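# Structural overview
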Amino acid sequence: MSRTQVAIIGAGPAGLMLAHLLQRAGIESVIVESRARDYVESRVRAGVLEYDTAELLNDLGVGERMRRESLVHRGIALRFNDRSNRIDFPDLTGGKTVTVYGQQEVVKDLIAARLATGAPILFECAATAIDAGDEPSITYRDAAGGEHTLDADFIAGCDGFHGAAREAIPPDAITVYDHTLPFAWLGILAETPPVSEELIYVNHERGFALVSMRSRTISRLYIQCRNDERLELWPDERIWGELRERLGSDRGGPDVHSGKILQKGVTPMRSFVCDPMRYGRLFLAGDSAHIVPPTGAKGMNLAIADVRVLAEALEAYYEHGETALLDAYSQTCLRRVWKTQRFSIYMTRMLHRFEEHTPFDRRIQLAELDYVTSSRTAAASLAENYVGLPFESTAGLRKVRT
Ligand SMILES: Cc1cc2nc3c(=O)[nH]c(=O)nc-3n(C[C@H](O)[C@H](O)[C@H](O)COP(=O)(O)OP(=O)(O)OC[C@H]3O[C@@H](n4cnc5c(N)ncnc54)[C@H](O)[C@@H]3O)c2cc1C
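What this report covers is the structure whose coordinates are included nearby.

In this fold, H204 is placed in the loop between β13 (199–202) and β14 (209–213). On the accessibility criterion, H204 (13% relative accessible area) is buried. Polar contacts involving the side chain of H204 include one to the main-chain amide nitrogen of R206, which spans 3.0 Å.

Turning our eyes to something else, we now look at the sheet that holds strand β5 (residues 75–80). Spatially, the 8 strands line up as an open sheet ordered β6-β5-β13-β14-β15-β12-β16-β19, and their pairing is mixed. The sheet is open, and its two borders are formed by β6 (83–88) and β19 (290–291), each paired with just one other strand. As defined by bridge partners, strand β12 (residues 175–191) adjoins strand β15 (residues 219–225) across 7 bridges and the pair is classed as antiparallel. Looking at β15, one finds that W185 is bridged to Q224. Packing against the sheet, helix α7 (residues 236–247) makes contact with β5, β12, β13, β14, β15 and β16 (260–275), and its axis sits at approximately 85° to β15.

Secondary-structure assignment places I364 in helix α11 (residues 359–374). Judged by its relative accessible area of 48%, I364 falls in the partly exposed class. Distance in space between the C-alpha atoms of I364 and M350 is 9.2 Å, their sequence separation being 14 residues.

Another aspect to go through is the sheet that holds strand β7 (residues 98–100). The strand order across the open sheet formed by 3 strands is β3-β7-β4, and the pairing between neighbours is antiparallel. A strand with exactly one partner marks an edge of an open sheet, and here the two such strands are β3 (48–49) and β4 (71–73). Pairing between β4 and β7: 3 bridges, direction antiparallel. When the bridges of β7 are listed, H73 appears paired with V98.

With that settled, the discussion passes to a negative patch on the surface. A contiguous patch of negative charge, built from D131, D134, E135 and D151, is present on the exposed surface. Inspection of the secondary structure puts D134 in the loop between β9 (126–131) and β10 (137–141).

Two numbers describe a pair of aromatic rings. These are the distance of the centres and the angle of the planes. This structure, assessed with the given rule, holds 14 aromatic pairs. When the ring of Y177 is compared with that of W338, the centres are 5.3 Å apart and the planes differ by 85°; the resulting orientation is edge-to-face. Of this pair, Y177 sits in strand β12 while W338 sits in helix α10 (residues 329–351), and the two are 161 residues apart along the sequence. We classify Y177 as partly exposed; its relative accessible area is 38%. Residue W338 is classed as partly exposed on the basis of its relative accessible area, which comes to 37%. Judged by centre distance (5.1 Å) and plane angle (80°), the ring pair of F183 and F354 falls under edge-to-face.

With that settled, the discussion passes to the site of the ligand. Taken together, 29 residues are adjacent to the ligand, and E33, R43, R45, Q103 and D287 come closest. E33 places a polar side-chain atom, nitrogen or oxygen, 2.6 Å from an oxygen atom of the ligand. In isolation the ligand offers 1000 Å² of accessible surface; the protein chains occlude 84% of this area. When contributions to the shell around the ligand are tallied by element, the ones reaching two or more residues are α1 (13–24), β9 and α8 (299–320).

Secondary-structure assignment places A152 in strand β11 (residues 147–157). A152 sits in the buried class, given a relative accessible area of 2%. For the pair A152 and P136, spaced 16 residues apart in sequence, the C-alpha to C-alpha distance is 5.6 Å. Sequence-distant contacts of A152, defined by excluding residues within four places in its chain, comprise R3, T4, Q5, V6, A7 and P136.

Reading the values: the criteria
Residues numbered from 1 in each chain as written. Predicted model: local features only at pLDDT ≥ 70, side-chain atom pairs only at ≥ 80, totals over all residues. Heavy atoms only, no water. Helix = DSSP H or I, 4+ residues; strand = E, 2+ residues; numbered from the N terminus. Buried < 20%, exposed > 50% of the residue type's maximum accessible area, 1.4 Å probe, protein only. Polar contact = N/O pair within 3.5 Å; in protein donor to acceptor, adjacent residues only side chain to side chain. Pairing = 2+ DSSP bridges. Contact = heavy atoms within 4.5 Å. Axes fitted to C-alpha atoms, helices over the stretch in contact; angles between N-to-C directions. Patch = residues over 30% accessible without salt bridge, like charges linked within 9 Å, V, L, I, M, F, W, Y side chains within 5 Å. Areas by Shrake-Rupley, 256 points an atom, 1.4 Å probe, with all protein chains shown as cover. Salt bridge = Lys/Arg side-chain N within 4 Å of Asp/Glu carboxyl O. Lys, Arg positive; Asp, Glu negative; His and termini not counted. Charge placed at Lys NZ, Arg CZ, Asp CG, Glu CD. Phe/Tyr/Trp six-rings, centres within 6.5 Å; stacked < 30°, edge-to-face > 60°. Near = heavy atom within 4 Å.

Structure representation (structure tokens):
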């Protein structure tokens, strides 16, 4: 275990998906993951898979449970002025849909499939030092405190926003773009059937709300709150009351039924991009390189889009000695990253309440919602982004082989 082709730090969606893509291409990898398997498999985060993300899971042969247990959604509703307005994805995108399937379920499926092949995931092993030079290696500490070194041809930093990989890059070798939004989401996971068949995004005077689900019996519900919100100020009844108010349940809107709250938390809203996403033989992917506000449901999808590009580049390197795709990795990924930031910020600005908004700003916000729900052209743009832009093409970068 002291040498591999690609050392992957992190067993989140990015690291696990990369390992599978590499394995399919006959490239060996080792994953080191700081947390225990149980912890990683029960971490509730994202839940909306873009069309191509779900297709990729199917292509890799790990989509069987997803096909059985997920919910395929053909649209979302944008609700404002106490009226819901549907955006029909298949109609606007030539047949595409999104799949509602919890990130922790994707992670469980990817872990099970990898371990079934005998390929390694070293749980409770935290990367503590990274050498991205000509002879790359990572140092990791196991649960008993023992230190180990893993040599590799390449290192994939898939260790999330607070991981070690980005920290290993000298600050003067990267530019960081950071934008913090002046509010957060108070999110609950609750034992109550979904309010509606599809997600409802609500713009209300009191703030944004999102009605979403993880299954036919579990709902995922969010309300906009302060950045420094204290959870103790939100007993369960206050949360249910606030959701009903923003949904307009007493004014003919959808009614949300209280149920047992299984989890409660505050998610900060942030945009962050690190450019380039490569330093020497270290490649960053997913949240280690970028964060998007969750309004566009893009975080996990973007992580998977990155590793798709990285796997293709590594495959070209190992098969043909080509370095063009590796050299273009950062540029290729960042094109999608910035378009995804744009969409996530667009959705966030259109749907949230901003303290600094004047009555004029508020009217513009409502006009934007009116436009996007009444113009087929505008709705098609939202739908195209929501179901996921096509993966970036790297075909032009490949050398012509003789
Ligand atoms: C609280 C929360 C809620 C979210 N909700 C949504 C949502 O509703 N919709 C949405 O689209 N997105 C959401 N996201 C974002 C989405 O979950 C992420 O974009 C996604 O997890 C990115 O996957 P990743 O593999 O890049 O990183 P991660 O999933 O963060 O995985 C990184 C892995 O690396 C491990 N690790 C960290 N440091 C080390 C180390 N030194 N050594 C070894 N391993 C290490 C971590 O334990 C983790 O398992 C949310 C994120 C958070 C934090």
